[in-house]
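Next come the chains, spelled out residue by residue.
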Amino acid sequence: MDEHKQHHNHHHEDQNDHGHKHTEHHHQHHENDHDHDEHGHGHHGHDHSHMLDDFRKRFYNSLIVTIPILILSPMIQSFLGFEWRFPGDMYLLFALSTYIFFYGGLPFLKGSIDELKQKNPGMMTLIALAIVVAYGYSSLTVFGLSGKNFFWELATLIDIMLLGHWIEMRSVMGASNALEELVKMMPSEAHLVDENGEITEVTISDLEEGDKVLVKPGEKVPVDGSIIKGHSAIDESMLTGESVPVEKSVEDEVIGGSINGEGSLTVSVVKTGKESYLSQVVTMVKEAQESKSKTQDLSNRAAKWLFYVALVAGFSTLFIWLFLGYDFNYALERMVTVMVIACPHALGLAAPLVVARSTALAAKKGLLIRNRASFEDARKLQSVVFDKTGTLTEGRFGITDIELEKGLTEEEVLVLAGSIEAQSEHPIARGIIEDAKQRNISFKSPESFESLTGKGLQGKVEGKDVKVVSPGFIQEQGLSYPKERFEELSQQGKTVVFVLIDQELAGMVALADKIRESAKSAISELNSMEVQSMILTGDNQQVANWVANQLGLDDVFAEVLPHEKADKIKEIKQKGLKVAMTGDGVNDAPALANADLGVAIGAGTDVAMETADVVLVKSDPNDVVSIISLSKATYRKMIQNLWWAAGYNIVTIPLAAGILSPIGIVLSPAVGAVLMSLSTVIVAINARLFKG
């Protein structure tokens, strides 16, 4: 607790790291999961954009070739009421369709092979079944088999599926570059100090334990180590999410990747390479990524069932017609009609159109969805774990209490204290100054000013001797102060500074990391949704309890070391709860990776942005509520669309099989085409009407 009471040695330890999950694309054919080498470099983002371009190109090329296919198809001609035949027209139709089958259909054929290898047929296999059957049967009709060709069905199916995949991939943001981002934070060189005090530039990999390195002002600390000379404030926000630079002097430890402030430091190397803190974070992130299961989305699950339905219905149709004494050609045509119709065009668009719409709606609300599968599952969340600093709190000090002595007013105390603090850049000084400014207090220019290292500040303001000092200074000087009130404030985790005027105590000013207003409404909304809210922090128990009491949280995990955060998330999951983690630094990485949904606060670090499933642009805890609400609404709309898409199948498969042929109703492929178009249009309109 002592360090909490030290004014300028204030060391706020809320460590929030950042979780990483790969943006997963559920279809195996676009799952280029490149292994990252030990430096964390991958080509994921590049592959993603390359595949996006590939789908777009295939879609446009196939669409152009589809137009003559439709014009040349006898079935479409009879449906539109004209006839345009010429010698060799069927061979031209065959040639154009062959191009679309192999060029446009290639991703689906490849994808189906991957799915079948994994014994997990899905969308790819369903599409492949329909296009192979349509192409194979239609080709036979060109070369002698009696029957109608389905080339138009083949072409339109490939076009719509390519469009669906392109929309879907475009709406999913590029794959995460978290590991590259983490590695970028490490400097590559260090200033090695030899026994004679001479400095040489060496690469980090050449350093050994016990080596001495110089860290100049403003530079990144190259390795984990211990300070042997110098004093400085170190910015660890990139690593810990902690907004306050931490004062460090001899024997204090420093983390590789943090940024040195004003002072020059000599550091003795403690850990290098793979043992360093940042490398361990990289390793834990990689492990969590690799153990993360790939979530199959709804339309893929629907496609899996439809694949089995198509096979069973197709072969049943063939055998039943043969059993009833019809010739093989007629039975085969019925079977092919069933199998081709079983692949609903609308199903390929049902989910992607809703995804594209919900991604756009989310972006308007300031939610950037990076991992769609985890976002879709957010509707099932039962608990949300918040990191404290910068998430539930503003990550900056503000005055919470002013206790007055000597009969002065708050304004008089703040004018004198603020005039001295205005000379300092310390976070506590900034907190006092900002609050004073909000009260429209103007400062005086001090006649003299001096910093008392580690104790506070002093100076002369309008002829008065003013000191703003730590509890340590008061105790050293043996000055009396209201101990009970001081203890009470300290136990709430507040940092207390004392204002002395002409050697007499004028007042105590208590500061704390301010709780965000929006955090209160977010927690009450979560409670009304029956979602538990918890706090997970490296800060001490008193601070965490104070924040939890202010907000009405369900659970508190305090004094948790960075590497233990992931374990806490696992503990919550072991209780059978679906958990989201919200934070804004690097060292929540393993925790976020292990959570069912990782949410990055946008004011956090670059690594945070790269790593989370969802990034909150506005740093507003209320947006966590929005994620859950939008996820539920997206799911409802997808279910509606899937029923529209599959409903077409439920009606048309029996009709195509000829179940009503005894009363003269057999679904002709042309009517199948109309129903197909209709269900696709309904699905598209339904998605556009989605308001979130």
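Criteria and cut-off values
Residues numbered from 1 in each chain as written. Predicted model: local features only at pLDDT ≥ 70, side-chain atom pairs only at ≥ 80, totals over all residues. Heavy atoms only, no water. Pairing = 2+ DSSP bridges. Helix = DSSP H or I, 4+ residues; strand = E, 2+ residues; numbered from the N terminus. Axes fitted to C-alpha atoms, helices over the stretch in contact; angles between N-to-C directions. Parallel < 35°, antiparallel > 145°, perpendicular 65-115°, else oblique. Left-handed = near helix turned anticlockwise from the far one by under 90°. Contact = heavy atoms within 4.5 Å. Nonpolar A, V, L, I, M, F, W, Y, C, P; charged D, E, K, R; others polar. Buried < 20%, exposed > 50% of the residue type's maximum accessible area, 1.4 Å probe, protein only. Polar contact = N/O pair within 3.5 Å; in protein donor to acceptor, adjacent residues only side chain to side chain. Salt bridge = Lys/Arg side-chain N within 4 Å of Asp/Glu carboxyl O. UniProt positions renumbered as here; feature names shortened; annotations may be inferred.

Asker: Even after reading the chapter, I still don't get the sheet that holds strand S2 (residues 199–203), so can you show me in this structure?
Answerer: Picture the strands of a sheet paired through backbone hydrogen bonds; they go either parallel or antiparallel. One open sheet accounts for six strands, arranged S2-S1-S3-S9-S4-S7; its pairing is antiparallel. Single-partner strands in this sheet number two, and they are S2 and strand S7 (253–254). In terms of strand pairing, strand S1 (residues 189–193) meets S2 through five bridges, oriented antiparallel. Following the sheet pairing, Val193 is matched in S2 by Ile199.

Asker: Explain the packing of helix H4 (residues 89–104) against helix H6 (residues 123–142) to me, please; I cannot follow it from the model alone.
Answerer: How two helices pack is summed up by the angle between their axes together with the distance between the axes. Running from amino to carboxyl end, H4 crosses H6 at an angle of 160°, the nearest separation of the two axes being 11 Å. With respect to H6, the element H4 is oriented roughly antiparallel. Judged by the sense of rotation from one axis to the other, the crossing of H4 with H6 is left-handed. Note on element contacts: H6 touches H4 through Ile131, Val132, Tyr135, Ser139 and Val142, opposite Met90, Tyr91, Phe94, Ser97, Thr98, Phe101 and Phe102. Class assignment for the residues of the contact of H4 with H6 results in nine nonpolar, three polar and no charged.

Asker: Is there a simple way to explain the side chain of Lys248 in this structure?
Answerer: Considering the arrangement of structural elements, one finds Lys248 in strand S6 (residues 246–248). When its relative accessible area of 9% is taken as the criterion, Lys248 is described as buried. Within the local environment of Lys248, its side chain forms a polar contact with the backbone oxygen of Glu253, the two atoms lying 2.7 Å apart. Residue contacts for Lys248: discarding those within four places in its chain leaves Ile227, Gly230, His231, Ser232, Ile234, Glu236 and Glu253.

Asker: Would you mind going over the pairing of strand S15 (residues 464–469) with me for this structure?
Answerer: Side-chain positions along a regular strand alternate between the two faces of the sheet. By the criterion of burial, S15 is predominantly enclosed, with five of the six residues buried. Pairing of strand S14 (residues 456–461) with S15, which is carried by six bridges, proceeds in the antiparallel orientation. Within the sheet, the bridge partner assigned to Leu457 lies in S15 and is Val468. Between S14 and the antiparallel strand that follows it, S15, lie two residues; Glu462 among them carries a positive phi value of about 50°. Judged from the four bridges that link them, S15 and strand S16 (residues 495–501) form a sheet pairing that is antiparallel. Along S16, the bridge assignment pairs Val468 with Val499.

Asker: What's the story with the pattern of salt bridges in this structure? I'm lost.
Answerer: Side-chain pairs of opposite charge can arise where the charged atoms are in close proximity. By the definition in use, this model includes 13 salt bridges. Here Asp377 and Lys380 are joined by a salt bridge, their closest N and O atoms 3.6 Å apart. You can call Lys380 partly exposed: its relative accessible area is 37%. Overlapping salt bridges, with partners in common, bring together Asp401, Glu403, Arg485, Glu488 and Lys494 in one network.

Asker: Please explain the packing of helix H11 (residues 298–323) against helix H25 (residues 622–657) as it appears in this structure.
Answerer: Closest axis-to-axis distance for the H11/H25 pair is 11 Å, and the angle between their directions is 5°. With respect to H25, the element H11 is oriented roughly parallel. Contacts from Leu298, Ser299, Leu306, Val309, Ala313, Thr317 and Trp321 in H11 reach Tyr635, Met638, Ile639, Leu642, Asn649, Ile653 and Ala657 in H25. Of the residues contributing to the contact of H11 with H25, the split by class is 11 nonpolar, three polar and no charged.

Asker: What is the right way to look at the sheet that holds strand S11 (residues 383–387) in this model?
Answerer: Reading across from one edge, S10-S22-S21-S20-S11-S18-S19 is the order of the seven strands in this open sheet, with mixed pairing throughout. Edge positions in the sheet fall to strand S10 (367–369) and strand S19 (555–557), since each has one partner strand and no second. Strand-to-strand twist in this sheet, taken as the mean axis angle between neighbours without regard to direction, amounts to 20°. Pairing of strand S20 (residues 579–583) with strand S21 (residues 597–601) involves four bridges; the strand directions are parallel. Among the inter-strand pairings, Ala580 is bridged to a residue of S21, identified as Leu597.

Asker: What is the right way to read the UniProt feature "transmembrane region" (unreviewed entry) in the protein chain from this model?
Answerer: Per the UniProt record, "transmembrane region" (unreviewed entry) is annotated on residues 59–79, 91–109, 121–138, 150–167, 305–324, 336–356, 642–665 and 671–690. Secondary structure content for residues 150–167 is 94% helix and 0% strand, while the C-alpha to C-alpha distance between its ends is 26 Å. A distance of 33 Å separates the end C-alpha atoms of residues 336–356, which is 86% helix and 0% strand.

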